[in-house]
Amino acid sequence: QVQLVESGGGLVQAGGSLRLSCAAAGRIFSSYAMGWFRQAPGKEREFVAAIRWSDGSRYYADSVKGRFFISRDSYRNTVYLQMNSLQIDDTAVYYCAAQKSAVVPSTLQDEYDYWGQGTQVTVSS
């Protein structure tokens, strides 16, 4: 069992930056992938970014490519999402998730096994 706790959300002006953290309690095996998803009001949850735990390979949604950066700290069992050049459309609840068996990290939320409680990111004009 893995428990995930996100932190780092908040209110930021458009063009600003935030860094989200996701601390995992429990063993993260090399077969895992860690992902970030987000859900804006009235919209479905969507994939943002993912990282393969074994080698750090990164995957991004087109909407955040070049602005967001996902990384991991294996020693601290923590995943980060650095968000730069934030736009109003980035406003959402951001969720961290873990996929137990990931040759290639999935962009589909149904393939993730563990979820955090979410952290709110609000981008103002």
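This text goes with the structure placed above it.
Novice: Can you lay out the pairing of strand 1 (residues 3–7) for me, pointing to particular residues and giving the numbers?
Specialist: Here strand 1 shows a clear split, with Leu4 and Glu6 buried on one side and none of Gln3, Val5 and Ser7 buried on the other. As defined by bridge partners, strand 1 adjoins strand 3 (residues 18–25) across five bridges and the pair is classed as antiparallel. Paired with Glu6 across the two strands is Cys22, which belongs to strand 3.

Novice: A description of the sheet that holds strand 8 (residues 78–83) should follow, citing residues and the corresponding values.
Specialist: Spatially, four strands are ordered 1-3-8-7 in an open sheet, and the strand pairing comes out antiparallel. Among the strands making up the open sheet, the edge pair consists of strand 1 and strand 7 (68–73). Going from strand to strand, the sheet's axes swing by 15° on average, the running direction of each strand aside. Relative to strand 8, strand 7 runs antiparallel, the two sharing six bridges. Looking at the pairing, Arg72 lines up with Val79 of strand 8.

Novice: Requested: an account of the pattern of salt bridges, with residues and values cited.
Specialist: Across all of its chains, the model carries six salt bridges by this definition. As a salt-bridge pair, Arg38 and Glu46 come within 2.6 Å of each other at their nearest N and O atoms. The residue Asp90 makes a salt bridge to Arg38 at a minimum N-O spacing of 2.8 Å. Residue Asp90 is found in the loop between strand 8 and strand 9 (92–99), and its partner Arg38 is found in strand 4 (residues 33–39); the two are separated by 52 residues along the sequence. With a relative accessible area of 1%, Asp90 lands in the buried category. One network of salt bridges, in which partners are shared, links Arg38, Glu46, Arg67 and Asp90.

Novice: Could you give an account of unusual backbone geometry, with specific residues and numbers?
Specialist: Non-glycine residue Asn77 carries a positive phi angle of around 55°. For Asn77, the location among the structural elements is in the loop between strand 7 and strand 8. For Asn77, a relative accessible area of 18% translates into the label buried. With phi around 50°, Ser85 is a residue other than glycine that occupies positive phi space. Within the secondary structure, Ser85 sits in the loop between strand 8 and strand 9.

Novice: Can you explain the packing of aromatic side chains? Please cite residues and give values.
Specialist: The relative placement of two aromatic rings is captured by the distance of their centres and the angle of their planes. All chains considered together, the criterion is met by six aromatic pairs. Geometrically, the ring pair formed by Phe37 and Tyr112 is edge-to-face, given 5.1 Å between the ring centres and 80° between the ring planes. In this pair, Phe37 sits in strand 4 while Tyr112 sits in the loop between strand 9 and strand 10 (114–115), placing the two residues 75 residues apart along the sequence. Take Phe37 and Tyr112: they sit in the same class, and that class is buried. Ring pairs connect the aromatic residues Phe37, Phe47, Tyr95, Tyr112 and Trp115, which therefore count as one cluster.

What counts and what doesn't
Residues numbered from 1 in each chain as written. Predicted model: local features only at pLDDT ≥ 70, side-chain atom pairs only at ≥ 80, totals over all residues. Heavy atoms only, no water. Buried < 20%, exposed > 50% of the residue type's maximum accessible area, 1.4 Å probe, protein only. Helix = DSSP H or I, 4+ residues; strand = E, 2+ residues; numbered from the N terminus. Pairing = 2+ DSSP bridges. Axes fitted to C-alpha atoms, helices over the stretch in contact; angles between N-to-C directions. Salt bridge = Lys/Arg side-chain N within 4 Å of Asp/Glu carboxyl O. Phe/Tyr/Trp six-rings, centres within 6.5 Å; stacked < 30°, edge-to-face > 60°.

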